[in-house]
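Spelled out, the chains give:
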Amino acid sequence: MTKALFVVSECAPLVKTGGLADVAGALPGALAQHGVAVRVLLPGYRVVLGQIGKAKVVATYKDLFGGTAKLRACNIVGVDLLILDAPHLYDRDGAIYGDATGRDWPDNPERFAALCKVGAMIAAEGVDGWTPDIVHGHDWQAGLTPEYMRALGVDVPFVFTIHNIAFHGNADAGKLKALGLDPARFTTEGFEFWGQISALKAGLVGAAKINTVSQTYAEELLTPEFGIGMDGVLRMRQADLSGIVNGIDLDAWNPLTDPNITPYKTASGKDANKKALRKTFGLGKADGPLCVLVSRLTEQKGIDLLLEALPALLDRGGQLALLGSGDPKLEVALLEAAASHANVAVKIGYDEALSHKMMAGGDAILVPSRFEPCGLTQLYGLRYGTVPLVALTGGLADTVINASPAALARGVATGVQFFPINAQALANAFTRLGDLYADSKTWKAMQRNAMKQPVGWETSALAYKAIYADLTGATS
Ligand SMILES: Nc1ncnc2c1ncn2[C@@H]1O[C@H](COP(=O)(O)OP(=O)(O)O[C@H]2O[C@H](CO)[C@@H](O)[C@H](O)[C@H]2O)[C@@H](O)[C@H]1O
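Residues numbered from 1 in each chain as written. Predicted model: local features only at pLDDT ≥ 70, side-chain atom pairs only at ≥ 80, totals over all residues. Heavy atoms only, no water.

Undergrad: How do you make sense of the pairing of strand 13 (residues 290–297) when you look at a structure like this?
TA: Look at any regular strand and the pattern is simple: side chains alternate between the two faces of the sheet. Of all eight residues in strand 13, seven are buried, a share of seventy percent or more. With eight bridges connecting them, strand 13 and strand 14 (residues 319–326) associate as parallel partners. In the strand pairing of strand 14, Val292 is matched with Ala321. Here strand 13 runs beside strand 16 (residues 364–367); their pairing, made up of two bridges, is parallel. Pairing of Val292 across the sheet is with Ile365, part of strand 16. (Buried < 20%, exposed > 50% of the residue type's maximum accessible area, 1.4 Å probe, protein only. Helix = DSSP H or I, 4+ residues; strand = E, 2+ residues; numbered from the N terminus. Pairing = 2+ DSSP bridges.)

Below, the structure written as structure tokens:
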């Protein structure tokens, strides 16, 4: 049995701001089926502590960046967790990465350095009679782990997964001492990045193997356009970089058993959900497709392109129901669009149950991202027979089969892709979507294909296991 320690800043269902949490929550269960036992090291945010009750204390750290911390072990919905209960770092009002106004916490470098340091100590000494064979960090919040492991002389292999390279976790060089980092490693070969400490770069240079969450994104990352300053480092590490597409939790996202919806086995069962969804969003009947979108509202997600291309959807009799939160300017623009078009409805906020209802009730799920390492909502869409309309990039390129004439002729199309990633191409894609929707035989075939597509973790869990086995020499 291989033992792996995940170091990660969010984990569904306990705490989630985006797709990272879904992966951290679902991959351990998938790995367990293949003989890999994962424990997930997670910050003890207030929202997390509120859900774990009196979990057993398995270690105490006297001075962890300015206060005493306890490590608590528990199992929540099948995931073995190690919760870093450090009130001076994590027990506060506001969100997990920043205050209520959206500003990053000024001590984020210390908050996530603490997580990494504890990860390194667990690798060094073990905890609760358990020592990992592999440490697997996710995104910049886990990036400093290999630095602390090196300082402690631990030679457990470190695997680093990039979910979103846009966040570098930079800290002022003046924090070197406060973070307990080795100044000799503050170089271009180490974790220095344009005069700052980069937690992301520390992870990239310190990992034995790096992966990201789709094959296409792994290739894109090597280019300046997508690498966002890290493409040079990644080109140097190219031999150790791979792409492993995300899966989704097939139990949580199952149209047959989903408690949030009227369950269904085939796409015809979507009708009742569509009716209910229209009611929830205050939308009337329409001839064209009911498009849904669930997302963080950021530059990445192409919401501005959607606003610009919207007339093309509305001209085809289509509708839009959108759920999201984030950039205040995008929120305002979306609410304005909803106020001026009867066929556009917007809910600002975060609502897990509603996101399920939208997958069940929508005809099409939109993902017009400028870049998308993998993307999960198009995978939910496939499983729910909700045809994805996506930008041709990253994991969206790898998981959706575009309704090209060839794919339609072969009966394999599952969605619509557009390229280049701009408003005009998206508008054209809306017109194509309208045509496909109007041709009910073709549309039904696409829904069937979508629902048949494997979107679970099976293949990808085996790919992670193979990376671990390669590094540990394990055979089973
Ligand atoms: N307002 C809201 N209400 C309810 N649910 C909401 C919501 N806003 C977002 N969500 C949910 O959050 C998740 C978002 O995951 P994505 O993979 O689509 O993007 P994200 O950019 O967060 O993840 C990053 O990491 C993941 C995981 O590797 C990659 O797939 C992705 O490409 C990368 O950008 C989905 O489960 C979605 O349903």
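Undergrad: Can you help me understand the side chain of Ser295 in this one?
TA: Within the fold, Ser295 resides in strand 13. With sequence-adjacent residues up to four places away left out, Ser295 is seen in contact with Lys301, Leu323, Gly324 and Ser325. (Contact = heavy atoms within 4.5 Å.)

Undergrad: I'm lost on unusual backbone geometry in this one. Help?
TA: The general pattern is negative phi for most residues beyond glycine and trans for most peptide bonds. The residue after Ala12, namely Pro13, is reached through a cis peptide bond having omega 5°. Note on placement: Pro13 falls in the loop between strand 1 (2–7) and helix 1 (19–32). Following Phe419, the chain continues to Pro420 via a peptide bond in cis, the omega torsion being 0°. Residue position: Pro420 is located in the loop between strand 18 (416–418) and helix 17 (423–438).

Undergrad: How should helix 18 (residues 440–452) be read in this particular structure?
TA: One turn of an α-helix holds 3.6 residues; hence residues three or four places apart share an orientation. Between its terminal C-alpha atoms helix 18 stretches 18 Å, which fits the 18 Å expected from 13 residues at 1.5 Å a residue. Those residues of helix 18 not exposed but buried are Thr442, Trp443, Met446, Gln447, Asn449 and Ala450. Summarising the axial view, the buried residues of helix 18 lie within an arc of 165°, below the 170-degree limit, and thus occupy one face. Residues of helix 18 that are exposed and angled more than 90 degrees away from the buried face: Lys441, Arg448 and Lys452. (Expected span 1.5 Å × (residues − 1). Arc of directions from axis to C-beta.)

Undergrad: Honestly, the UniProt feature "binding site: ADP-alpha-D-glucose" (unreviewed entry) in the chain in this entry has me stumped. Any pointers?
TA: Taken from the UniProt record, the annotation "binding site: ADP-alpha-D-glucose" (unreviewed entry) applies to Lys16. Mapped onto the elements of the fold, Lys16 is located in the loop between strand 1 and helix 1. Separated by 2.9 Å, the side chains of Lys16 and Asp22 make a polar contact. (UniProt positions renumbered as here; feature names shortened; annotations may be inferred. Polar contact = N/O pair within 3.5 Å; in protein donor to acceptor, adjacent residues only side chain to side chain.)

Undergrad: Help me out: how do you make sense of the domain arrangement of the chain in this one?
TA: Buried accessible area, meaning the area lost when the parts come together, often serves as the stated size of an interface. Each domain of the chain was delimited in the assignment, giving domain 1 (2–247 + 457–472) and domain 2 (267–452). Using C-alpha coordinates to define each centre, domain 1 is positioned 32 Å away from domain 2. Regarding the contact of domain 1 and domain 2, the summed buried area is about 1,300 Å², with carbon and sulfur atoms giving 58% of it. Applying the counting rule to domain 1 against domain 2 returns one salt bridge. We note a salt bridge from Lys16 to Glu352, for which the minimum N-O separation is 3.6 Å. (Domains from an automatic or database assignment. Buried area = accessible area lost by both parts, 1.4 Å probe. Salt bridge = Lys/Arg side-chain N within 4 Å of Asp/Glu carboxyl O.)

Undergrad: Explain the pattern of salt bridges to me, please; I cannot follow it from the model alone.
TA: Note on pairing: side chains with opposite charge can pair once their charged atoms come close. All chains considered together, the criterion is met by 20 salt bridges. For Glu147, the salt bridge goes to Arg185, with nearest N and O atoms at 2.7 Å. Placement of the pair is Glu147 in helix 5 (residues 145–151) and Arg185 in the loop between strand 8 (170–171) and strand 9 (192–193), with a sequence separation of 38 residues. Since its relative accessible area comes to 5%, Glu147 is described here as buried. On the basis of relative accessible area, Arg185 is assigned to the buried category, the value being 14%. The salt bridge partner of Glu299 is Arg370, with a shortest N-O separation of 3.8 Å. Placement of the pair is Glu299 in the loop between strand 13 and helix 11 (303–315) and Arg370 in the loop between strand 16 and helix 14 (377–383), with a sequence separation of 71 residues. Given the relative accessible area of 25%, Arg370 is considered partly exposed. Put simply, Lys209, Arg237, Asp240 and Asp470 are held in one network by salt bridges that share partners.

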